[in-house]
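Structure at a glance
What follows is each chain in one-letter form.
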Amino acid sequence: MQKYKYLLFFLDLHKLIIMNKTFTMIKPEAVEKNLTGEILQKICQKGFNVIALKKTKLSVSQAKKFYDVHNERPFFNELIEYITSGPIIAIILEKDNAVLDFRNLIGSTDPNEAEEGTIRKMFAESKSKNAIHGSDSNENANIECDFFFSKTERF
Ligand code: CMP
């Protein structure tokens, strides 16, 4: 019995160190252009599992809260106006090393700087209309998943 307790302890530790969850949002211009299916296919082909998914539209106050870390940036107002301009697809994804692997899959914020084959290179219009969001750390992944989904909405 003691042996299994140790095993469970190390599995939990593994989960904490190599986080297996990230949050993504397909942004308004990509949803509007009907790119959701193609983007989701690319994500699933790379081995990510969808744990939760919903189509929703952010209010201005929700958007300001979600992007609060950027509130001092010169592009903040533009960002809020854009992200509230239409529905988005909010998604929780699971995979080993999810945050970093997903950041690599989507590519740089600016599609002109993104590597060939990345989602932003393929689908983004510009630095602001960049098709997709990906959490930048395990801590923010947890915060962002909780922002959109309750525990009972995750499978
Ligand atoms: P995202 O990864 O969702 O996180 C913050 C967002 O701010 C980013 O994607 C872009 O959409 C936006 N952003 C970042 N830098 C700029 C910029 N220089 N001009 C306009 N929008 C930006």
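Residues numbered from 1 in each chain as written. Predicted model: local features only at pLDDT ≥ 70, side-chain atom pairs only at ≥ 80, totals over all residues.

Topic: the overall build of the chain
Inclusion rule: Think of it this way: any DSSP run of H or I at least four residues long counts as a helix, any run of E at least two long counts as a strand, and we number them from the N terminus. Each radius of gyration reported is based on C-alpha atoms, and the globular scaling rule is 2.2 Å times the count of residues to the power 0.38. Exposed residues have 12 or fewer other C-beta atoms within 10 Å of their own C-beta, buried residues have 20 or more, and residues in between are partly exposed; the C-beta atoms are placed from the backbone. Remark: residues whose backbone-derived C-beta atoms lie within 7 Å of one another are considered to be in contact.
Looking only at helices and strands, one finds eight helices and four strands in the chain. In terms of overall size, the chain behaves like a compact globule, its C-alpha atoms giving a radius of gyration of 16 Å where 155 residues would be expected to give roughly 15 Å. Burial statistics for the chain: of 155 residues in total, 29% are counted as buried. In the chain, the proportion of contacts linking residues at least 24 apart, taken out of those at least 6 apart, comes to 72%.

Looking at the site of the ligand
What counts here: In this text, near has one meaning. A residue is near a molecule or strand if its C-beta atom, placed using the backbone, is within 6 Å of it. When residues are sorted by character, Ala, Val, Leu, Ile, Met, Phe, Trp, Tyr, Cys and Pro go into the nonpolar class, Asp, Glu, Lys and Arg into the charged class, and all the rest, Gly among them, into the polar class.
Taken together, His 70, Phe 75, Glu 78, Leu 79, Thr 109, Lys 127, Ser 128, Asn 130 and His 133 make up all the residues around the ligand. Grouping the constituent residues of the shell around the ligand by class yields two nonpolar, five polar and two charged.

What to know about the pairing of strand β3 (residues 88–94)
Worth spelling out the cut-off: Pairing between two strands is assigned when DSSP locates at least 2 bridges connecting them.
Counting buried positions along β3 gives six out of seven residues, so the element sits mostly inside the fold. Sheet analysis places strand β1 (residues 21–26) next to β3, joined by six bridges and oriented antiparallel. Note that in β3 the partner of Thr 24 across the bridge is Ile 91. Sheet topology note: the strand β2 (residues 49–56)/β3 ladder contains seven bridges and is antiparallel. Directly across from Ala 52, in β3, lies its bridge partner Ile 92.

Thoughts on unusual backbone geometry
Phi is positive for Asn 34, which is not a glycine, with a value near 65 degrees. Looking at the element boundaries, Asn 34 is found in the loop between α2 (28–32) and α3 (36–45). Positive phi, close to 70 degrees, is recorded for Ala 131, a residue that is not glycine. Turning to its location among the elements, Ala 131 is positioned in the loop between α7 (119–123) and β4 (132–134). By C-beta crowding, Ala 131 is classed as buried, having 25 other C-beta atoms within 10 Å.

Concerning the nonpolar core
Selection rule: The term nonpolar core means buried Ala, Val, Leu, Ile, Met, Phe, Trp, Tyr and Cys residues held together as one set by C-beta atoms within 7 Å.
In terms of nonpolar packing, the biggest core is built from 32 residues, with Ile 39 and Ile 132 touching the most fellow members. Of all the secondary-structure elements, those providing two or more residues to this core are β1, α3, α5 (76–83), β3, α6 (98–106), α7 and α8 (138–148). With six residues, β3 is the largest single contributor of residues to this core. Among residues more than four places away in sequence, those in contact with Ile 39 are Ile 26, Ala 30, Ile 119, Phe 123 and Ile 132.

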